[in-house]
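Tertiary structure, described
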Amino acid sequence: MRFDLTEEQQAIQARARAFADDEVAPLAREADERGEFPLHLVKRMGSLGFLAGPIAASYGGSGMDYLSFALVYEELGRADSSVRGFLAVHAGLVSLCIRDWGTEEQKQHYLPRLASGEWIGCYCLTEPNAGSDAASMETSAREEEDSFVLNGEKIWITNGNIADVAIVFATRDASARHRGICAFLVDTSSAGFRREAMPGKELGHRAADHAKIVFEECRVPKSALLGAPGEGFKIAMSALDHGRLGVAAGAVGVAQACLDASIAFTKQRRQFGQRIADFQMVQATLADMAADVDAARLLVHRAAWLKQEGRPTTRETSIAKLFATEAAVKAASEAVLLHGGRGYSNEFPVERYYRDIKGLQIYEGTSHIQRIVIARQLVGKGE
Ligand code: CAA
């Protein structure tokens, strides 16, 4: 078993790190304060080959392996979870989902535009009454001769206000639960597609775009179906297997950022006549954080490697997301504590990491849902 990265992987990591340090991190505090997504970074990520990392070159992608793509997510996560979150949705939930389930015509139409950043994608699953229980969705798809007509409401849709294309999940028969669900590729300029910002101010990810989307007699042609009718739930879950890996890798980045910030701060901060890094209690915290970062990263790399091998990854991806996000929540909490009063204001970025990381623990399946996914593979699903 080899743990070192190949030369190619190292080169992609270096490119992502330089971009994160030079172009993403310097904007993060202001973007967070203004609550505005730095949109110009989208095309820049396209030109760097990040928007469609693992997509084949024939569809405008970079053809990188999944471990390389996890390294990109980690580096972006270290700098700004709002930007990394954009990518996990745009690439993980949308482009890879179209690649896996689309017809050749759909792939040719969408993938190159999503790869360059000409178009932005969003993924519409969550509803007011269907969060963790995604199969209970109420958004309906009424079948007519040559089209489907969508009615319903989606919430917490990342990139929803800036997206050009949305993967929309809707049911043609709610009584059939998950077997009634269909997936559609919907142009966001379609008549009957209305969107607005989510109400309230988010705890974290304040630079990310989150929308409420309402469908009112939104008519889409039958050619907009992604996959077969009734396959929508599987499509949604398989997309989440891609997206959750991006969230897990992003959480490793946040935890690493907390560790780096804590080391730098505790080495220069002096109290009781010495560096606070010399106190054993502080050292124990740093050591635990470092152990967690290593373990989380290894779990992410294992899931990415399995994906590359074409093997099942649902369980391993959920383990990686569960462990990495929980570890990063702990690391962020400890990092704020180690910074003392300074950690409590946005003078230091640990305050933002602490707010942002709660999002990673919730979206693309809460920690409870990841535990359900893992446990079902251990004991099966109850009646
Ligand atoms: N890949 C492919 N198929 C899968 C799958 C996967 N990973 N997981 C389940 N399936 C299939 C099952 O095999 C089953 O198929 P059959 O009918 O052929 O047997 C079918 O899907 C139903 O599976 P379950 O019985 O397990 O379904 P369930 O209703 O019990 O739900 C769940 C399972 C894991 C709890 C699921 O509902 C879930 O993941 N919930 C969380 C949803 C979530 O993550 N939401 C976040 C949305 S995205 C977001 O955060 C916003 C954003 O903008 C990013």
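Residues numbered from 1 in each chain as written. Predicted model: local features only at pLDDT ≥ 70, side-chain atom pairs only at ≥ 80, totals over all residues. Heavy atoms only, no water.

**Here's the deal with the overall build of the chain**
Summing up its helical and strand segments, the chain has 10 helices and 10 strands in all. The globule rule puts the C-alpha radius of gyration for 383 residues at 21 Å, and the 21 Å found for the chain is close to it. Looking at the chain residue by residue over its 383 residues, the buried ones come to 55%. In the chain, of all internal contacts separated by at least 6 residues, the share reaching a separation of at least 24 is 73%. (Helix = DSSP H or I, 4+ residues; strand = E, 2+ residues; numbered from the N terminus. Rg over C-alpha atoms; globule rule 2.2 N^0.38 Å. Buried < 20%, exposed > 50% of the residue type's maximum accessible area, 1.4 Å probe, protein only. Contact = heavy atoms within 4.5 Å.)

**Structural notes on the site of the ligand**
For the ligand, the set of nearby residues contains 30 residues, the closest of which are Ser132, His178, Glu364, Arg376 and Lys381. Within the backbone of Thr158, an N or O atom sits 3.0 Å from an oxygen atom of the ligand. Taking Arg244, its side chain carries an N or O atom lying 2.9 Å from an oxygen atom of the ligand. In isolation the ligand exposes 1100 Å². Once the protein is present, 78% of that is buried. Contributions of two or more residues to the shell around the ligand are made by α4 (81-101), β3 (147-158), α6 (232-268) and α10 (367-379). A total of seven residues in the shell around the ligand trace back to one element, the largest contributor, which is α6. Per-class residue counts for the shell around the ligand are 14 nonpolar, eight polar and eight charged. Of the domains in this structure, domain 2 (122-230) and domain 3 (234-379) are the two that each give at least three residues to the shell around the ligand. (Near = heavy atom within 4 Å. Polar contact = N/O pair within 3.5 Å; in protein donor to acceptor, adjacent residues only side chain to side chain. Areas by Shrake-Rupley, 256 points an atom, 1.4 Å probe, with all protein chains shown as cover. Nonpolar A, V, L, I, M, F, W, Y, C, P; charged D, E, K, R; others polar. Domains from an automatic or database assignment.)

**Points about unusual backbone geometry**
We note that His205 has phi near 50°; this positive angle belongs to a residue other than glycine. With respect to the helices and strands, the residue His205 is situated in the loop between β6 (193-197) and β7 (210-221). At Glu217, a residue that is not glycine, the phi angle is positive and equals roughly 50°. Following the sequence through the fold, Glu217 ends up in strand β7.

**Description of α10**
For α10, which comprises 13 residues, the first-to-last C-alpha distance of 18 Å matches the rise-based estimate of 18 Å (1.5 Å per residue) to within 8%. Of the residues making up α10, those classed as buried are Ser367, Ile369, Gln370, Val373 and Ile374. Structurally, α10 contributes buried residues whose contacts are with α6, α8 (314-339) and α9 (350-362). The first or second residue beyond α10 is Gly380, which carries a positive phi of 80°. (Expected span 1.5 Å × (residues − 1).)

**Observations concerning the domain arrangement of the chain**
In terms of domain boundaries, the chain breaks down into domain 1 (7-120), domain 2 (122-230) and domain 3 (234-379). Spacing between the C-alpha centres of domain 1 and domain 2 amounts to 23 Å. Across the contact, 25 residues belong to domain 1 and 19 residues belong to domain 2. Of all residues in domain 1, Ser82, Gln106 and Ile120 bury the most surface against domain 2, accounting for 28% of the area lost on that side. Counting across the interface, domain 1 meets domain 2 through zero salt bridges. The tally of links between domain 1 and domain 2 comes to seven residue pairs in polar contact (both at pLDDT 80 or more). Ranked by residues supplied to the side of domain 1 that touches domain 2, first place goes to α4 with 12 residues. When the residues that make up the side of domain 1 that touches domain 2 are grouped by side-chain class, the tally is 14 nonpolar, seven polar and four charged. (Buried area = accessible area lost by both parts, 1.4 Å probe. Salt bridge = Lys/Arg side-chain N within 4 Å of Asp/Glu carboxyl O.)

**Looking at the side chain of Thr171**
Structurally, the position occupied by Thr171 is in strand β4 (residues 165-171). The exposure class assigned to Thr171 is buried, which follows from its relative accessible area of 5%. A polar atom in the side chain of Thr171 sits 3.4 Å from the backbone nitrogen of Ala174. In this view, Thr171 contacts Met137, Thr139, Ser140, Ala141, Gly180 and Ile181; residues no more than four positions away in its chain are not counted.

**Here's the deal with a nonpolar patch on the surface**
There is a patch of nonpolar side chains on the surface, built from Met1, Phe3 and Leu298 and spanning about 440 Å² of accessible area. With respect to the helices and strands, Met1 occurs in the segment before α1 (7-34). Of the residues examined, Met1 reaches a relative accessible area of 91% and is grouped as exposed. (Patch = residues over 30% accessible without salt bridge, like charges linked within 9 Å, V, L, I, M, F, W, Y side chains within 5 Å.)

**Examining the pairing of β7**
Note: β3 against β7, nine bridges, orientation antiparallel. Counted as the bridge partner of Phe148 is Val220 from β7. (Pairing = 2+ DSSP bridges.)

**Things to note about the nonpolar core**
Within the largest apolar cluster, 118 residues are counted, with the highest numbers of intra-cluster contacts made by Val72, Tyr123, Leu150, Phe169 and Phe184. Residue contributions to this core peak at 17 residues, all from α6. Once residues lying within four places of it in the same chain are set aside, the contact partners of Leu150 are Ser140, Ala141, Val168, Ala170, Phe184, Val186, Phe215, Glu216, Glu217, Cys218 and Val220. (Core = buried A, V, L, I, M, F, W, Y, C linked by side-chain atoms within 4.5 Å.)

**Focus: α8**
Over its 26 residues, α8 runs 37 Å from end to end, which matches the ideal 38 Å to within 8%, given 1.5 Å per residue. Just beyond α8, the residue with positive phi is Gly340, at close to 60°.

**With respect to a positive patch on the surface**
On the surface, Arg179, Lys234, Arg376 and Lys381 cluster together into a patch of positive charge. Here Arg376 is to be found in helix α10. (Lys, Arg positive; Asp, Glu negative; His and termini not counted. Charge placed at Lys NZ, Arg CZ, Asp CG, Glu CD.)

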